[in-house]
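# Structural overview
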Amino acid sequence: MKTVALNIISSAKIYAPQKLENLDEKRLAPNMMMRRRLTRNSKVMLFLSDKCGFENGKIVYGSCFSELEETAKIANAVLEEGMLSPTSFQNSVYNTAPSYFSLINKDTDEIITISSGMKTSLDTLKTAALQALVSGEKVLCVCVECINIKNIEEINRCTKFLEAGVAVVLEIAKDESEAKEIELLHVEGIMDSLQDLMSVANMYENGIRKIKVEL
Amino acid sequence: MKSYINNYELWCNAGDTKSLMKAVYAKESALVEDTTFLKEATAGLGIMKYDDIYSLMSEVVSKVLKSSNLTDFKNTLLILGSSVGGMQECEDIFYSQKSYKNIDPNKYSMNALSDYLLKEFSFYDSRSISTACTSSANALLLAKRLINVKAYENVLVVGADGLCNSTVLGFHALSVLSDKKCRPFDTKRNGMNVAEAVAVLLVQNFKTNDSVELKGVGASSDAYHMTNPNPEALGAIDSMKDAIKDANLELNEIDYVNAHGTATLANDKVEALAVEKLFGKSVHVNSTKAITGHTLGAAGAVEAIISCEVIKHGLVPAQTGLETLDNKNINVSKESVKMEVRNIVSNSFAFGGNNTSIVLGVCT
């Protein structure tokens, strides 16, 4: 198995017990029609990528539950034998958020979406490291969970924060000197699927700029 | 380090790999016209015969393990590509109980399938990818890159998707479902057929007498529209070009394009344009979705297996369901063509303008 050293160039994180406010949507998605179609995950991803200063390039996006709100809308429409919204269906796929990012930023580069349960953010980081290694480019690694849907209390046993996300921009380091193993710097109450990347963002905030990741 | 596909097997509406290839060359579509999913209309669907997706995956993976040089998967990375994951089971619970209470969140998401296989076969590690209809093509993309950089010696790629109410009804809401067996690239095509499949490929860093080389991978984003492809076919062209460049091949070294070819008006028009702009009539092109239907997240893996078989048979299949070719500037044949097939481009395109192409070929 292979380990690589990564430079962390920037990071951002955000979370809220219910709904995240002030995601700066009007500036980040100035086209009103486009903005109205954005899912919660898309809005959070746009916010985080902007905070990281990432406008264009390869993206590796991770989410365990992805577009839960759109999926719930579809399931309820089927149950009630109502009309299914084409927009809800197209917005229900796991790559919706980075796809909206690509539309808004005219980013024609590669997008990979990872959904590996509670180790989603670790696998997203590993995949972003691979993409950085193969391309020699900077890569946006971003994970988002938005599960703030009606009746979520029936099933939520894993988080105090119904909307949360974390992102880093990374590149391959020229050497492994002073590269740190990922420390467990979790944010209590955040869904486990985000915690590994949350730890990397916290390491960055603590001044650590180089980490080691096994591919 | 080069990558080789050394073993594979699948299960789809046409059966296993052997039965599927028999159907492909006989031009016998395995699709059915079904009235159970849509009350107000008939839908062409590709429905498998199986108990549940978990035991089916287990069976197909076991076959691949048995045919391989491995005794177990302890040194193998599992990469799953799926668009619905464990949705089937969760839908059933929600529709019958009208509540989320008894849904196990661990069985809802993509990793429900990979976690099951991880436990069942003790893989070194697993990860699951979900980029809609490019999911398992992207799993192959990552497998190749991981082997190329010597991170792994063995990667098992699994593409798996079962039929769900939400996908069939969702595609119906988008008005892209055909009520008949689909007819890719035909002037009278009227949409796609949703289908299901499990397809498994073992990618390794050494070749055998029976290997097919995974030579190149490429991916792009349209950055145009969530469901409609770029009308100038720029994204599709980019992913094919990138894959061919990655394979260190020239355009004239490609013999066949196994198209995404869903038989929707938009996809086939744009994909035909992409092939026309890139190759003209110099390559054979067709879509085997006329036999299998669109197996969504599993499609990339299914069509990679079909491509391996086409190379081994030296026989490019005819386009099933074709009467009148829409774009006359590409080479879609109504009859199978016996020839040496050196290299194949297999395309997968998805919602969000996500494009992935892979190049498979005779080992060098």
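Counting from 1, residues in each chain are numbered in the order their sequence is written. Chain labels run from A onward and ligand labels from 1 onward, assigned in the order the entries are written. Two thresholds apply to this predicted model, a pLDDT of at least 70 for residue-level local features and 80 or more for giving and counting side-chain atom pairs, whereas whole-chain, interface and lining totals are computed over all residues.

Strand residues, when the strand is regular, have side chains that alternate between the two faces of the sheet. Residues and elements named next belong to chain B. Any residue whose C-beta has 12 or fewer other C-beta atoms within 10 Å is treated as exposed, any with 20 or more as buried, and any in between as partly exposed, C-beta atoms being built from the backbone. Going along the chain from the N terminus, every DSSP run of H or I of four or more residues is numbered as a helix, and every run of E of two or more is numbered as a strand. Counting buried residues in strand 1 (residues 4-12) gives nine out of nine residues, a clear majority hidden from the surface. Strand pairing is assigned whenever DSSP detects at least two bridges linking the two strands. For strand 1 and strand 9 (residues 212-221), the ladder comprises two bridges, and the chain directions are antiparallel. The residue of strand 9 that forms the bridge with Tyr-4 is Glu-213. Across eight bridges, the pairing between strand 1 and strand 8 (residues 197-204) is antiparallel. Its bridge partner being in strand 8, Tyr-8 is matched across the sheet by Leu-201.

Another point: the interface of chain B and chain A. Working definition of a contact: two residues with C-beta atoms, positioned from the backbone, lying within 7 Å. With 46 residues of chain B at the interface, the matching set in chain A holds 42 residues. Counting only elements with at least two residues in the side of chain B that touches chain A, the list comes to helix 3 (87-97), helix 4 (111-121), strand 5 (125-129), helix 5 (135-148), helix 6 (165-173), strand 9 and helix 7 (234-246) of chain B. The element contributing the most residues to the side of chain B that touches chain A is helix 6 of chain B, with five residues. When grouped by side-chain class, the residues that make up the side of chain B that touches chain A number 19 nonpolar, 19 polar and eight charged. Throughout, the ten residues Ala, Val, Leu, Ile, Met, Phe, Trp, Tyr, Cys and Pro are labelled nonpolar, Asp, Glu, Lys and Arg are labelled charged, and all others, Gly among them, are labelled polar.

With the exception of glycine, the majority of residues adopt a negative phi angle, and the majority of peptide bonds are in the trans configuration. All names here are of chain B. Located in the positive-phi region is Ser-122, a residue other than glycine, with phi close to 50 degrees. The exposed category is assigned to Ser-122, around which 11 C-beta atoms lie within 10 Å. In this model, Ala-132 sits at a positive phi of 55 degrees, which is unusual for a non-glycine residue. Inspection of the secondary structure assignment puts Ala-132 in the loop between strand 5 and helix 5.

Here we come to helix 7 (residues 120-135) of chain A. Residue and element names in this part refer to chain A. What a helix is expected to span follows from its residue count: subtract one and scale by 1.5 Å. End to end, helix 7 covers 22 Å across 16 residues, agreeing with the expected 22 Å (1.5 Å per residue, within 8%). The buried fraction of helix 7 is high, at 15 of 16 residues. Residue Gly-136 follows helix 7 closely and has a positive phi angle near 70 degrees.

Averaged over every residue, the pLDDT of chain B is 97; the share at 70 or more is 100%. Model confidence for the complex: the whole-complex pTM is 0.98, and ipTM, which rates the interface, is 0.97. Values of pLDDT, ranging from 0 to 100, describe the predictor's confidence in every residue of the model.

Residues and elements named next belong to chain B. Across the interface, helix 7 lies against helix 8 (residues 265-279) with an axial gap of 9 Å and an inter-helix angle of 50 degrees. Taken together, helix 7 and helix 8 sit at an angle that is classed as oblique. Crossing angle aside, the handedness with which helix 7 passes helix 8 is right-handed. Facing helix 7, whose interface residues are Ala-236, Ile-237 and Met-240, helix 8 presents Val-270, Glu-271, Ala-274, Lys-277 and Leu-278. Split into classes, the residues belonging to the contact of helix 7 with helix 8 amount to six nonpolar, no polar and two charged. A fitted line through C-alpha atoms serves as each axis, taken over the contacting stretch for helices, and the angle formed by two N-to-C directions is quoted from 0 to 180°. The scheme is simple: roughly parallel for angles under 35 degrees, roughly antiparallel for over 145, roughly perpendicular for 65 to 115, oblique for anything else. Each crossing is labelled by how the near helix is turned from the far one, with a counterclockwise turn of less than a right angle marking it left-handed and a clockwise turn marking it right-handed.

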